[in-house]
Amino acid sequence: MATDIFKYSRVYDWGRYYFDLCTRTQFSRVIIRGRENIPSDGLIIYAPNHVAAMMDPLVTLLVNGHGPVGFGARSDIFANPIAAWALHFVRILPLARERNGLKEVAKNYETFDDIVNCLRHGMPFCMYAEGTHRPERGLLPLKKGVFRIAKMANEQLGKPVYVVPISSDYEYFYKPMGRIALTVGEPINVGEYFEEHKDQPEASIYKGLVDTLTTRIKENLEVLPQRKKCNKALGVLGSVLSLPVWLVCAILSIPIWLPSKLIIHFMEDKAFSHTVYFAIRLFFPYLWPFYSLMAYLENRYCDLFRV
């Protein structure tokens, strides 16, 4: 059934201010580079690397600005009607994977039409070409589905369609209050690429596109500068002096870190660590300053003693 996730929603629009603020305060510093590479003369499909589960879409929203972005997610989480309604509200569409069976994969063609419709109405869409996530640096082999959809949109809408690489470099995969660098790479004009390589077999063209996207994501990974090492003695002294501050902040922010630690402890997929911290923090904005300072100091202690 066709969806209209591109339609304006005042509740979504207002809610984004709070969610974006929560996303930014999840990190000690958010560095966004290369926004000038986002094309203004065509339709956009963002293609980031995928390392932090639901946190990755949230940081992609920061790159795009305040405007809405559509996303794809695995189709099985749409089985519950309430969950499906909530996911559609935040502009997420179902995409089945091969493991879901051919019957489910066939439904992807309906979703492809919905994605093209989003692009037709000027809303960027985001797809993770790795097809899965893992909390490690580097990149898994990319799939060509993002380029199939881009080609379909180019042919149906008659406008340039760009696949825009985004490289997300997290300082910490399992801890909050680290730094994150988000780099927008050089976009790929899919229609233009097909025209330039029209004498090649289609399979070779897709392989060339995948290789190009792989290179443009990888070249902007691991760009965070190393933290400057401080004098060990001064670091230890600073740690001792700041311990009372850390303790007070830890006590005041128990409603955030205790449930988060418990949930993460029992989770199999630790890539959701950032997502859990984000979700719990949503309910306690008045505790953010205490929790942020506690987590920041804790990270510095760990760095100092190489924990």
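About the criteria used
Residues numbered from 1 in each chain as written. Predicted model: local features only at pLDDT ≥ 70, side-chain atom pairs only at ≥ 80, totals over all residues. Heavy atoms only, no water. Axes fitted to C-alpha atoms, helices over the stretch in contact; angles between N-to-C directions. Helix = DSSP H or I, 4+ residues; strand = E, 2+ residues; numbered from the N terminus. Parallel < 35°, antiparallel > 145°, perpendicular 65-115°, else oblique. Left-handed = near helix turned anticlockwise from the far one by under 90°. Contact = heavy atoms within 4.5 Å. Nonpolar A, V, L, I, M, F, W, Y, C, P; charged D, E, K, R; others polar. Core = buried A, V, L, I, M, F, W, Y, C linked by side-chain atoms within 4.5 Å. Buried < 20%, exposed > 50% of the residue type's maximum accessible area, 1.4 Å probe, protein only. Pairing = 2+ DSSP bridges. Right-handed = clockwise from strand over helix to strand, strands pointing away. Expected span 1.5 Å × (residues − 1). Arc of directions from axis to C-beta. Patch = residues over 30% accessible without salt bridge, like charges linked within 9 Å, V, L, I, M, F, W, Y side chains within 5 Å. Areas by Shrake-Rupley, 256 points an atom, 1.4 Å probe, with all protein chains shown as cover. Salt bridge = Lys/Arg side-chain N within 4 Å of Asp/Glu carboxyl O. Phe/Tyr/Trp six-rings, centres within 6.5 Å; stacked < 30°, edge-to-face > 60°. Lys NZ or Arg CZ within 6 Å of the ring centre and 35° of its normal.

Look at helix α9 (residues 232-252) against helix α12 (residues 288-304): their axes get within 9 Å of each other, and the N-to-C directions meet at 150 degrees. Taken together, the axes of α9 and α12 lie roughly antiparallel to each other. Pair α9 / α12 crosses with left-handed handedness. In this structure, α9 uses K232, G235, V236, S239, S242, L243, V245, W246, C249, A250 and L252 to contact α12, whose residues at the interface are F290, L293, M294, L297, E298, Y301 and L304. Looking at the contact of α9 with α12 residue by residue, the class counts come to 13 nonpolar, three polar and two charged.

It is worth spelling out the nonpolar core at this point. Y46, M55, F71 and Y170 are the most contacted members of the largest nonpolar core, which has 43 residues in total. Considering every element that reaches this core, the biggest residue donor is helix α2 (residues 55-64), with five residues. Ignoring sequence-local partners within four residues, the contact set of M55 consists of T23, Q26, F27, Y170, H274, T275 and F278. In terms of nonpolar packing, the next biggest core, distinct from the first, is built from 37 residues, A47, I115, C118 and A129 among them.

Below, the discussion takes up the pairing of strand β3 (residues 70-74). As paired elements, β3 and strand β5 (residues 125-126) share two bridges and run parallel to each other. Considered in β5, the bridge of G70 is made with F125. The pairing of β3 with strand β4 (residues 92-95) spans four bridges and is classified as parallel. Bridge pairing links G72 to L93 in β4. A crossover connection joins β3 to the parallel β4 through helix α3 (residues 81-89); in handedness this β-α-β unit is right-handed.

Before going further, it helps to spend a moment on helix α10 (residues 254-266). A rise of 1.5 Å per residue sets the reference length of α10, with its 13 residues, at 18 Å; its end C-alpha atoms lie 18 Å apart and thus fit the reference within 8%. What α10 keeps buried is the set I256, S260 and I264. Here the buried residues of α10 occupy an arc of 35 degrees about the axis, which is enough to place them on one side. Residues of α10 that are exposed and angled more than 90 degrees away from the buried face: H265 and F266. The secondary structure elements touched by the buried residues of α10 are α11 (273-281) and α12.

Before going further, it helps to spend a moment on helix α6 (residues 145-157). Here α6 spans 18 Å end to end across 13 residues, near enough to the 18 Å set by a 1.5 Å rise per residue. Among the residues of α6, those classed as buried are V146, F147, I149, A150, K151, A153 and L157. Tucked inside the fold, the buried residues of α6 contact β2 (43-48), α5 (108-120), β6 (161-170), β8 (188-189), α7 (190-196) and α8 (202-218). In the segment just after α6, G158 is the residue with positive phi, at about 65 degrees.

Turning our eyes to something else, we now look at a nonpolar patch on the surface. On the surface, L247, I251, I254, L258, L262 and F266 cluster together into a nonpolar patch covering about 590 Å² of accessible area. Listed by contribution, the elements that provide at least two residues to the nonpolar patch are α9 and α10. With four residues, the single largest contributor to the nonpolar patch is α10. Mapped onto the fold, I251 is located in helix α9.

A few words now on the packing of aromatic side chains. Applying the stated criterion to the full structure yields 10 aromatic pairs. Aromatic pair Y170 and F173: ring centres 6.4 Å apart, planes at 35 degrees, arrangement tilted. Summarising the burial analysis for this pair, Y170 and F173 share the class buried. An angle of 80 degrees between the planes, with centres 5.3 Å apart, marks the rings of F194 and Y206 as edge-to-face. In this pair, F194 sits in helix α7 while Y206 sits in helix α8, placing the two residues 12 residues apart along the sequence. As far as burial versus exposure is concerned, F194 and Y206 are alike and both buried. Taken together, Y18, F19, F278 and W288 form an aromatic cluster joined through their ring pairs. Here the guanidinium or amino end of R91 rests over the ring plane of Y12, the centre of that ring lying 4.0 Å away. Just above the ring of Y172 sits the side chain of K175; from NZ or CZ to the centre is 4.3 Å.

Bringing the side chain of H274 into the picture now. For H274, the position within the fold is in helix α11. Residue classification places H274 among the buried residues on the basis of a relative accessible area of 1%.

Now for the packing of α10 against α12. Between α10 and α12, the least distance of the axes is 9 Å, while the angle of their chain directions is 60 degrees. Relative to α12, the element α10 lies oblique. The residues of α12 that touch α10, namely those facing I256, W257 and K261, are W288, Y291, M294 and E298. Here the contact of α10 with α12 is composed, by residue class, of five nonpolar, no polar and two charged.

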